Amino acid sequence: MGTALITGASAGLGLEFAWQLATAKHDVVLVARDTERLERLASQLRAAAGIHAEVLTADLTDRADLERVAARLRDESRPVGLLVNNAGIGLHQPFVGGDFEREEKAFDLMVRSVMVLSHAAAEAMVERGRGAILNVASVAALLASGTYSAHKAWVRTFTEGLAVELRGTGVTATVLCPGFVHTEFHDRAGIDKNVLPEIAWLNADDVVAAALADVRRGVVISTPSLRYRLAAGVARLLPRSAIRAFGSYRRATPEREAWTSAGSSPSGDDR
């Protein structure tokens, strides 16, 4: 069934992508910083699904590590048929007065690594005439929620442009734009998920299943669940002044930090 490379594979949506792809009999390359967690996951996938699971420990904010992952994507002796750019991080800080080094790392992780790995994968896939790239963004791409929204807006627009360029090559590009997703990220960060009603939350297995189904169909923008497709439609129709006003309201409310944190990184604090 081919090989999928997943970044941020040890937690959050990346973990769910690994399980669903493995149970569909895809071999997997698991990329994240935590070797112990990756090795444990790889062992579980091999035992449960009978597939080949490769561990590639890397910090995608480190350019040498990033290049090693890009080189794996270019390796024609071990072709990768699906790239899942999933790794993400929530900063939970204002841009002005925040830790700027953390801002740079978030940019490198959620923008630069997506560009570098997409380029490596696309060139190899186009040469073979088949393949798919799935980049994880967020409905926050349509909002004005600090640099996280900016990063995800870039991922969304970049992926749309890539999809246009790849048309007719046999290679597709899909951007996943989920809303709030139940993952271990929030528990690990000590975030109170009760600040949002249950209807606002999606289950990771449903999000991943919808995303993979959209990849198979060649859908460019994948927004799981009807409620978030409607919310995204409203956000696109509203004037940007209203979007900015909503952002200002969130910053002025006592629940702002919990709200922002709860939705800031569905993919988890993993690289």
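Quick summary incoming for the structure in this document. None of these values were measured; they are calculated from a predicted model. (Residues numbered from 1 in each chain as written. Predicted model: local features only at pLDDT ≥ 70, side-chain atom pairs only at ≥ 80, totals over all residues. Heavy atoms only, no water.)

This structure, assessed with the given rule, holds eight salt bridges. Residue Arg-128 is joined to Glu-76 by a salt bridge in which the shortest nitrogen-to-oxygen separation is 3.0 Å. Placement of Arg-128 in helix H4 (residues 100-128) and of Glu-76 in the loop between helix H3 (63-74) and strand S4 (82-85) is noted, with a sequence separation of 52 residues between them. On the accessibility criterion, Arg-128 (18% relative accessible area) is buried. Close ionic contact of Asp-214 with Arg-217 constitutes a salt bridge, the shortest N to O distance being 2.3 Å. (Salt bridge = Lys/Arg side-chain N within 4 Å of Asp/Glu carboxyl O. Helix = DSSP H or I, 4+ residues; strand = E, 2+ residues; numbered from the N terminus. Buried < 20%, exposed > 50% of the residue type's maximum accessible area, 1.4 Å probe, protein only.)

Two elements in contact, H4 and helix H5 (residues 146-166), have axes separated by 10 Å at closest approach and are oriented at 10°. Considering the angle they form, H4 stands roughly parallel to H5. Across the interface between the two elements, Glu-103, Ala-106, Phe-107, Met-110, Val-111, Val-114, Met-115, Ser-118, Ala-122 and Val-126 of H4 pack against Thr-147, Tyr-148, His-151, Lys-152, Trp-154, Val-155, Phe-158, Leu-162 and Leu-166 of H5. (Axes fitted to C-alpha atoms, helices over the stretch in contact; angles between N-to-C directions. Parallel < 35°, antiparallel > 145°, perpendicular 65-115°, else oblique. Contact = heavy atoms within 4.5 Å.)

Bringing the packing of aromatic side chains into the picture now. A complete count under the given rule lists two aromatic pairs for this structure. Ring geometry for Phe-95 and Phe-100: centres 6.3 Å apart, planes at 70°, overall edge-to-face. In this structure Phe-100 comes out as partly exposed when scored by relative accessible area, which is 49%. When the ring of Trp-154 is compared with that of Phe-158, the centres are 4.6 Å apart and the planes differ by 10°; the resulting orientation is stacked. (Phe/Tyr/Trp six-rings, centres within 6.5 Å; stacked < 30°, edge-to-face > 60°.)

Once that is clear, we can look at H5. Here H5 contains 21 residues, and its C-alpha end-to-end distance of 31 Å stays within 8% of the 30 Å for a straight helix at 1.5 Å per residue. For H5, the complete set of buried residues consists of Tyr-148, Ser-149, His-151, Lys-152, Val-155, Arg-156, Thr-159, Leu-162, Ala-163 and Leu-166. Down the axis of H5, the buried set is contained in an arc of 165°. They therefore lie on one face. Along H5, the residues that are exposed and aim more than 90 degrees away from the buried face are Gly-146, Thr-157, Val-164 and Glu-165. Gly-168 lies just past H5 and shows a positive phi near 90°. (Expected span 1.5 Å × (residues − 1). Arc of directions from axis to C-beta.)

With that out of the way, let us pick up helix H7 (residues 204-217). Its 14 residues give H7 an end-to-end C-alpha distance of 20 Å, which sits within 8% of 20 Å, the value for a rise of 1.5 Å per residue. Inspection of H7 places Ala-204, Val-207, Val-208, Ala-211, Leu-212, Ala-213, Asp-214 and Val-215 among the buried residues, and these make up the whole buried set.

Attention now moves to the nonpolar core. Among the nonpolar cores identified, the biggest contains 32 residues, and Leu-5, Val-31, Leu-60, Val-69, Leu-73, Leu-83 and Leu-117 are the most heavily contacted of them. Per-element accounting of this core gives the leading share, nine residues, to H4. With residues up to four places along the chain from it excluded, the contact list for Leu-5 reads Val-29, Val-31, Val-69, Arg-72, Leu-73, Val-80, Leu-82, Leu-83 and Val-84. Listed in part, the 30 residues of the second largest apolar core include Ala-9, Leu-21, Leu-82 and Leu-212. (Core = buried A, V, L, I, M, F, W, Y, C linked by side-chain atoms within 4.5 Å.)

This part is about the side chain of Ser-222. Relative to the assigned elements, Ser-222 resides in strand S9 (residues 221-222). At a separation of 2.6 Å, a polar atom in the side chain of Ser-222 contacts the side chain of Asp-214. The contact partners of Ser-222, leaving out residues within four places of it in the chain, are Thr-174, Val-175, Leu-176, Cys-177, Ala-210, Ala-211 and Asp-214. (Polar contact = N/O pair within 3.5 Å; in protein donor to acceptor, adjacent residues only side chain to side chain.)

Okay, the pairing of strand S1 (residues 3-7) next. Within S1, five of the five residues are buried, which leaves the element mostly enclosed by the surrounding structure. Pairing between S1 and strand S2 (residues 27-32): five bridges, direction parallel. Following the sheet pairing, Leu-5 is matched in S2 by Val-29. In this fold, the crossover linking S1 to S2 by way of helix H1 (residues 12-23) has right-handed handedness. Here S1 pairs with S4 via three bridges, running parallel. Opposite Ile-6, over in S4, you have Val-84 as the bridge partner. (Pairing = 2+ DSSP bridges. Right-handed = clockwise from strand over helix to strand, strands pointing away.)

Taken in spatial order, the seven strands line up as S3-S2-S1-S4-S5-S6-S9 in an open sheet, and their pairing is parallel. At either margin of the open sheet sits one strand with a lone partner, and together these are strand S3 (53-57) and S9. Where strand S5 (residues 131-136) meets strand S6 (residues 171-176), six bridges bridge the pair, whose relative direction is parallel. Bridge pairing in S6 places Ile-133 opposite Ala-173. Running over the sheet, H1 touches S1, S2, S4, S5 and S6 and is turned about 170° from S1.

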